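Each chain is listed here by its residues.
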Amino acid sequence: MKKNYLLITALLMWSLAPFLWQVYTSFSTPEALINPLLKVGNRWTLENYIQVINSEPPFWRYLINSTIVGINATLITLILAIPSAYAINKVKNKIAQSLKVLLLLASLFPYVLLFLSLLEIARKFNLGNSLITLSIPYAALSLPLAILLLSSAFKDLPKDLEEAAIIEGIGMFQRIRWILIPLIAPATASTGIIVFLFTWNEYPIALTWISNIDLITLPVAIARIAGSSVYSIPYGAFAAATVLGAIPLMLIVLLFQKQIISGLTQGAIKG
Amino acid sequence: MIYALLILPALVLIFIVFGFPIIRYFWLSIHASSVLTGLTATPNYGANWIRLLNDDRFWLDTIQTIRFTMCSVLIEIVLAIVFALILNQNFRGRGLVRSLSILPWALPTTIMALGWRWIFNTPYGPIERIVSIFSTNSINILSNPNIAWIATVFADIWKTTPFITLIILAGLQTIPTDLYEAFKLESGDKLKSFFNITLPLLQPYLIISIIFRLAQAFGVFDLIQVLTLGGPAGSTESIGLYAYLNAMRFLDFGYSATIIFFSFILLSLFCILAWLLINKIRDKYQRNML
Amino acid sequence: MTLTISKISRRINQNWIIRDLSFQVNKGECLALLGPSGCGKSSTLRLIAGLDSPNEGKVYINDQDVTDIPPVERRIGMVFQSYALFPHLSIFSNLALGLKVRGVSEKQQIERVSSILSVVQLEHLSNRLPSELSGGQRQRVALARALLRDPHVYLLDEPMSNLDAQLREELRPELRRLILKGSQPVLYVTHDQQEAMAMADRIAVLKNGELEQIGTPLELYKDPKSFFVASFIGRPQINKLPIKNNIISAIRPESIYIDSNGISCKVIETEWLGMNKLVFLDSNIGNIRMICASNIKINEKLSISWDKSEELHFDATSEKRLT
């Protein structure tokens, strides 16, 4: 038993230590970062946070941008994925089967390599510098996994339920709306949260599609701090930004732990 | 048919994002499309491909990318199995520990890459500080070409292990406990029960994680861009980063597309190879050991 | 009101699920579709409900051809094996949903659902979720939903197979009172011959998607048309005697009696059936089952006999009855 707790502590240290170091840094004065043995007097500070919050544009702007893109992309994904997942389960032929394999391949694909073509599309149709249009490629990239996750949820529903509804005279769209969507709600929540997390964290496309400083998302904004200078990164301020940027995600993870885990693992099991 | 209509909008979008680029990259790879041509594509009859074959930087990046991928995935899998075994036990606060252990995966790569840059900082980062207690020489983690790539692998492992841990954890939970109990009647050796029951039954989960992570690690980009910018002396540059630099810095879309298209081929070969290898190992062991 | 199916066939790829099946269920009649699992009985039900369509043949409800009309318009009251109650809706909403989509006014919905709930004696549970009900209560909700449909035909798919033996017996009278007493034809799918005998006016025995025999329970018992029917109907199972001249002879366990002049046997196994005992005997004509009132012990020796006229004879190749 004792050995057990030692292992658990080690696991927690591994997962949290880098983050705790950020928290420590964010409350330290620049002098303290250089000399950790500094006396208590000017050891700790809130200056880093004040600097981040008062920057121009203010830090919460990026949080809002990321949230807008995240919610948009999640909604678009779910609206398109739910009917698709329903349909792909209903059709039982070779086409549907190979479609599922293609979706699986697409969801495994390292999407980073798609950035160039997506950038071309954005230029051609003038889709850059808009949070709404940015959600479209995000939704498209999330769709294969979302369809697979939801279709396995549909598949797990007892067939009788839908047939009982058919006999009652409930039409297809009403069935989806009143019977099936409420029943796959847990899977929908998992899928939605995973899509949201992906979108919130996405970097290469956000980097290439958005150049307007007022519209950049959180990962881009933070990377930009790093890019400002290779050698003299304002680490204190940056660490404060990291901590602030991580808080929403921590909340999501703590609140939706079950959904995230079931979403990720369903993908693996059913895929 | 109505079902086709339901799925059509999603398929169109998926095709634009996944299907079209592959065709487009191939097409671009046989055209010149750069600042010199004013970014309008003009056929250049395979010049991009010849350049690629003779591009030492590209081949170095390829080797580095493969090195990064192999190291990262192998260590991750082993680590994830250990973590999953720990998390699969019953203890108080298991839910909270699980949540906290997902955090590295949930945080944006760029944010944590920047965090790692500070941790690897010379001389103020914690690692250099610990080293300085024992030695007067600094190891200059991020500016030593022999060490910097290990730092990128380390950061990648930290970030993606939770994901595999969860998949393996799900796998562990599908193994019925009676199997372990039945085995206990035969042998009390926990290690034997791991190799004879746990590992074989985890196989499908291991395969899916390995293939998925191979593909993702092969496309590594944002981590390296933020952590090292490919340096020092190009020692951490990946194919993904090189393609990005060609497009965004050198504004040579034709060549960038060639690199990406070539890496598609490489990646597919890679995954097929991994798949065959795994199957061979499975055939050899599964029937006879169990 | 009648239900007729005529020469129905259904195949998936090359496999026949149902082949050339015809029967009629008359007004107020209950027909049990009986057979082992995989014999096509549930598939037949789905074809009648319109959840699947036949490759060949026609379905008539009240002499109207419904083969190509959608399930809704067939007015079917169906009870599913799993009950198929919507788990996210209260009992009330489960019942009201069908009325709602068919455009019944809200006031009417409440009235009709409450009255049906009082018929099945579940008024007090109308706000519960299905998961908060016992198996028997769920079953009654499923019945109520079928009743509420005011159907032309009732289709019951193994309605009691998820209940324990005691509940089944309690629910049988209720099922008769609510559904079988009506004027609608009832098709009752089951794999349990005892249940079929108890509930149905007539039984259709299916084997490999084909109709083996159709008749009243007594007809099937007394006058089976094939060895399959003879061995499927009646428990304990009929005894198969040694084949002579390509003829299978069979005798029911309940027709065998102890007779000192009969065939000598040894008791190898006994099972209590309640009042009496099922006894397994070993003899020179093979293993024989019989029912005995007295307390017979293993290894005891006894002699048995039966009335030759009670024997049934079948052709050994076709397994059809010889007369």
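Residues numbered from 1 in each chain as written. Chains lettered and ligands numbered in written order. Predicted model: local features only at pLDDT ≥ 70, side-chain atom pairs only at ≥ 80, totals over all residues. Heavy atoms only, no water.

Below, the discussion takes up the interface of chain B and chain A. At the interface, 84 residues of chain B touch 81 residues of chain A. Interface of chain B and chain A: buried area, both sides summed, is about 7800 Å²; carbon and sulfur atoms make up 80% of it. At the junction of chain B and chain A, the tally comes to one salt bridge. Taking the shortest distance from any N to any O, the salt bridge between Arg24(B) and Glu120(A) comes out at 2.6 Å. Run the count over chain B and chain A and you get 15 residue pairs in polar contact (both at pLDDT 80 or more). With 17 residues, the top contributor of residues to the side of chain B that touches chain A is helix α1 (residues 2-29) of chain B. Grouping the amino acids of the side of chain B that touches chain A by side-chain chemistry returns 65 nonpolar, 13 polar and six charged. (Contact = heavy atoms within 4.5 Å. Buried area = accessible area lost by both parts, 1.4 Å probe. Salt bridge = Lys/Arg side-chain N within 4 Å of Asp/Glu carboxyl O. Polar contact = N/O pair within 3.5 Å; in protein donor to acceptor, adjacent residues only side chain to side chain. Helix = DSSP H or I, 4+ residues; strand = E, 2+ residues; numbered from the N terminus. Nonpolar A, V, L, I, M, F, W, Y, C, P; charged D, E, K, R; others polar.)

Now for the sheet that holds strand β3 (residues 30-34) of chain C. Residue and element names in this part refer to chain C. The six strands lie next to each other as β6-β7-β8-β3-β9-β10, forming an open sheet whose pairing is mixed. At either end of the open sheet lies a strand with only one pairing partner, and these are β6 (76-79) and β10 (210-215). Across the sheet, the mean angle separating the axes of adjacent strands is 20° when strand polarity is ignored. Contacts from helix α4 (residues 135-148) reach β6 and β7 (153-157) within the one sheet, and its direction differs from that of β6 by about 175°. (Pairing = 2+ DSSP bridges. Axes fitted to C-alpha atoms, helices over the stretch in contact; angles between N-to-C directions.)

The structure contains two pairs of chains in contact, of which chains A and B account for the largest number of contacts. At their nearest point, the C-alpha atoms of chain B and chain C are still 16 Å apart, with no contact between the two.

To continue, consider helix α6 (residues 126-134) of chain B. Helical periodicity: at 3.6 residues per turn, an α-helix aligns residues three or four positions apart in one direction. Among all positions of α6(B), only Pro126(B), Glu128(B) and Arg129(B) are buried. The buried side chains of α6(B) occupy one side of the element, clustering within an arc of 160° when seen end-on. (Buried < 20%, exposed > 50% of the residue type's maximum accessible area, 1.4 Å probe, protein only. Arc of directions from axis to C-beta.)

Let us now look at the interface of chain C and chain A. Counting from both sides, the interface comprises 22 residues of chain C and, opposite them, 16 residues of chain A. Note on chain C versus chain A: buried area summed over both sides is about 1700 Å², and carbon and sulfur give 71% of it. Ranking the residues of chain C by area buried against chain A places Phe86(C), His88(C) and Val101(C) at the top, with a combined share of 29%. At the junction of chain C and chain A, the tally comes to two salt bridges. In this structure, Glu168(A) and Arg102(C) form a salt bridge, with 3.6 Å as the shortest nitrogen-oxygen distance. For the pair chain C and chain A, the number of links is five residue pairs in polar contact (both at pLDDT 80 or more). Of all the elements in the fold, those that place two or more residues in the side of chain C that touches chain A are α1 (41-49), β6 and α2 (91-101) of chain C.

Moving on, we come to the side chain of Glu162(A). With respect to the helices and strands, Glu162(A) occurs in helix α8 (residues 159-167). Contacts of Glu162(A), omitting those with residues within four sequence positions, involve Tyr86(A), Lys90(A), Arg175(A) and Leu180(A).

What follows is about the nonpolar core. Judged by nonpolar contacts, the single largest core of 219 residues is most densely connected at Met78(C), Leu155(C) and Leu187(C). It is helix α12 (residues 253-289) of chain B that contributes the most residues to this core, 14 residues altogether. Once you skip the residues sitting within four places of it in the chain, Leu155(C) turns out to touch Leu45(C), Ile48(C), Ala49(C), Ile76(C), Gly77(C), Met78(C), Val79(C) and Leu187(C). In this structure, Val79(C), Leu95(C), Tyr154(C) and Leu163(C) belong to the second largest nonpolar core, which totals 45 residues. (Core = buried A, V, L, I, M, F, W, Y, C linked by side-chain atoms within 4.5 Å.)

On to the environment of Ile167(A), then. Counting through the fold element by element, Ile167(A) comes out in helix α8. We classify Ile167(A) as buried; its relative accessible area is 2%. Ile167(A) has contacts with Ala49(C), Leu51(C), Val72(C), Ile76(C), Met78(C), Phe80(C) and Arg149(C), leaving out every residue within four places of it along the chain.

Turning to the confidence of the model for chain B, a few remarks are in order. In the predicted model, chain B carries a mean pLDDT of 85, and the fraction of residues at 70 or more is 98%. The secondary structure element of chain B with the lowest average pLDDT is helix α8 (residues 177-186) of chain B, at 77, and the one with the highest is helix α3 (residues 56-87) of chain B, at 92. (pLDDT = per-residue confidence, 0-100.)

Below, the discussion takes up the packing of aromatic side chains. One pass over the structure, following the stated rule, counts 35 aromatic pairs over all chains. With a centroid separation of 6.3 Å and 85° between ring planes, the pair formed by Phe109(A) and Phe18(B) is classed as edge-to-face. With Phe109(A) in the loop between α5 (94-108) and α6 (115-124) and Phe18(B) in helix α1, this residue pair bridges two chains. The pair formed by Phe109(A) and Phe18(B) is uniform in burial state, with each residue classed as buried. Pairwise contacts between aromatic rings join Phe109(A), Phe18(B), Tyr25(B), Phe26(B), Trp49(B), Phe58(B), Trp59(B), Phe261(B), Phe262(B) and Phe264(B) into one cluster. When the ring centre of Trp16(C) is taken as origin, the NZ or CZ atom of Arg11(C), which lies over that ring, is 5.5 Å away. When the ring centre of Trp178(A) is taken as reference, the NZ or CZ atom of Lys100(C) above it lies at 4.4 Å. (Phe/Tyr/Trp six-rings, centres within 6.5 Å; stacked < 30°, edge-to-face > 60°. Lys NZ or Arg CZ within 6 Å of the ring centre and 35° of its normal.)

Quick look at the pairing of β7(C) now. Looking down a regular strand, the side chains alternate between one sheet face and the other. All names here are of chain C. Among the five residues in β7, five count as buried, and that is most of the element. Every second residue of β7 is oriented toward a common face, with Val 153, Leu 155 and Asp 157 on one face and Tyr 154 and Leu 156 on the other, all of them buried. Bridging between β6 and β7 involves four bridges; their strand directions are parallel. Across the sheet, residue Gly 77 finds its bridge partner in β7, namely Tyr 154. Between the parallel elements β7 and strand β8 (residues 186-190), the chain passes through helix α5 (residues 165-180) in a crossover that is right-handed. (Right-handed = clockwise from strand over helix to strand, strands pointing away.)

Further remarks concern the sheet that holds strand β12 (residues 247-251) of chain C. Residues and elements named next belong to chain C. With antiparallel pairing, three strands are arranged side by side in an open sheet as β11-β12-β17. With partners counted over all chains shown, the strands left at the sheet margins are β11 (239-240) and β17 (312-315), one partner each. Relative to β12, β11 is paired through two bridges, and the arrangement is antiparallel. Residue pairing in the sheet places Lys 240 in a bridge with Ala 250 of β12.

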